[in-house]
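These are the residues of each chain, in order.
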Amino acid sequence: MTAPLAGVVVVAVEQAIAAPLATRHLADLGATVIKVEHPDGGDFARHYDDNTAGQSTYFVWANRGKQSVVVDLKTDPGRDRLDALIAGADVFVQNLSAGAAERAGLLAHQLLDRHPTIVACDISGYGLDGPRADDKAYDLAIQSEAGAVMLTGSPDEPSKVGISIADISAAMYALSSILAALYRRDRTGEGAAISLSMLECLTEWTSPQVLTAAATGEAPARSPRRHPMIAPYGMFELADGATVLIAVQSDREWRAMAEGVLARPELGNDPRFASNRDRIANVDELESIISGVLAAIGADKARDRLRASRITVADVRDPLDVWHHEQLAARQRKVDVTTETGTARVFRAPFNISGHTDEGGHVPALDEHA
């Protein structure tokens, strides 16, 4: 079967993670992605480290399956070449600074004026207008601005999230917006100008806590080992020293846990714990009861009871454990990609569309496709 985006040509003036990850996923789906890089070393993400087959891990992750061309946008020949690439493209993506993109005539609305059927996407830190439009924005800066840092960590100390959630959220909204715009274009012939900001994308993700704060006048307390709004939903120690995540999402599940796991069915309707609001109000007492039972019955029996009662239980794994995850191995989720310095083993893209398989592909050397 044909790859979903076979025949779609994407041109991207991109660097770092947000735009490159969005266009990598377009490549995963079969699009031809031409990555336009600066003559002075290209995408700076190429130079973060050399941990993956001699290449930067982030660059391998976000750029496999693409072509690379070097274009000096400050010269007339370079600009002519970029204009020719854009003229032959279905999609254009850029994450230059707002001012630089506007001066170069590369903002989405500017391109749409010249190419009415193109799907053009701007990814910025704060948006193209407003008081912060010109501020530089990297992932951790946006985590800070969107409230993610203050929602993460211990009660005494906030913390960044351990992955690049601001970049990834922007990449995912760019991807979904581009796919939606391509679908509309297939039906109507209309192009699209898409403009999204990392701040707005990540604020969508922090919205439940932000809306709670707006309604109550108080920011939610940080709770590093438990969910701040649902209980029981957090990390617990088993008798063998392992840490697991146990999650209950409804009163029905809580009653099943009280009977099948804790062997104390009366707790299911105990006024202290009968509803989620009650359980949150008495969460310390609730977790103490659960921890006591789990410690007393042994790790194997605890896991057996949780699964038999259909209560969510998950092992708390570090990244090396994830690389060896038995479920990912059983589903053959790894694939090889080639680079100019060797072969890297990576995870397959998660799309899993019938008739289309992620074959890994190639991580381009700088200007490899000149």
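I will try to describe carefully the structure that is included in this document. None of the values given here were measured: they were computed from a predicted structure.

Observations concerning the sheet that holds strand β8 (residues 243-247)
Overall, antiparallel pairing links the three strands, which are arranged β7-β8-β9 in an open sheet. Looking at strand neighbours, the two that pair on one side only are β7 (233-237) and β9 (312-315), the edges of this open sheet. Strand after strand, the sheet turns through a mean of 30° between neighbouring axes, direction not considered. Examined bridge by bridge, β7 and β8 share five bridges and lie antiparallel to one another. Across the sheet, the residue bridging to phenylalanine 236 is valine 244, located in β8.

A look at the nonpolar core
Judged by nonpolar contacts, the single largest core of 40 residues is most densely connected at Leu26, Val91, Val93, Ile123 and Ile178. Of all the secondary-structure elements, those providing two or more residues to this core are β1 (9-13), α1 (18-28), β4 (91-94), β5 (119-124), α7 (165-188), β6 (192-197) and α8 (198-216). The element best represented in this core is α7, accounting for 10 residues. Discounting residues that sit within four places of it in the chain, valine 91 has contacts with Val8, Val9, Val10, Val11, Ile118, Val119, Ile178 and Leu182. Residues Ala231, Leu238, Trp254 and Phe273 belong to the second largest nonpolar core, which totals 25 residues.

Observations concerning the state of the cysteines
A complete count under the given rule lists zero disulfides for this structure. Cysteine cysteine 121 shares no disulfide, and the gap to the nearest cysteine sulfur, in cysteine 201, comes to 8.9 Å. In this structure cysteine 201 comes out as buried when scored by relative accessible area, which is 5%.

Focus: the packing of aromatic side chains
Under the definition given, this model contains five aromatic pairs. On the numbers, 6.1 Å between centres and 75° between planes, the contact of tryptophan 254 with phenylalanine 273 is edge-to-face. Of this pair, tryptophan 254 sits in helix α9 (residues 251-260) while phenylalanine 273 sits in the loop between α9 and α10 (276-281), and the two are 19 residues apart along the sequence. As far as the burial class goes, tryptophan 254 and phenylalanine 273 line up, both buried. Over the ring of tyrosine 126 we find arginine 132; its NZ or CZ atom is 4.6 Å from the centre of that ring. When the ring centre of tryptophan 323 is taken as origin, the NZ or CZ atom of lysine 334, which lies over that ring, is 3.8 Å away.

What counts, and at which threshold
Residues numbered from 1 in each chain as written. Predicted model: local features only at pLDDT ≥ 70, side-chain atom pairs only at ≥ 80, totals over all residues. Heavy atoms only, no water. Pairing = 2+ DSSP bridges. Helix = DSSP H or I, 4+ residues; strand = E, 2+ residues; numbered from the N terminus. Axes fitted to C-alpha atoms, helices over the stretch in contact; angles between N-to-C directions. Core = buried A, V, L, I, M, F, W, Y, C linked by side-chain atoms within 4.5 Å. Buried < 20%, exposed > 50% of the residue type's maximum accessible area, 1.4 Å probe, protein only. Contact = heavy atoms within 4.5 Å. Disulfide = S-S within 2.5 Å. Phe/Tyr/Trp six-rings, centres within 6.5 Å; stacked < 30°, edge-to-face > 60°. Lys NZ or Arg CZ within 6 Å of the ring centre and 35° of its normal.

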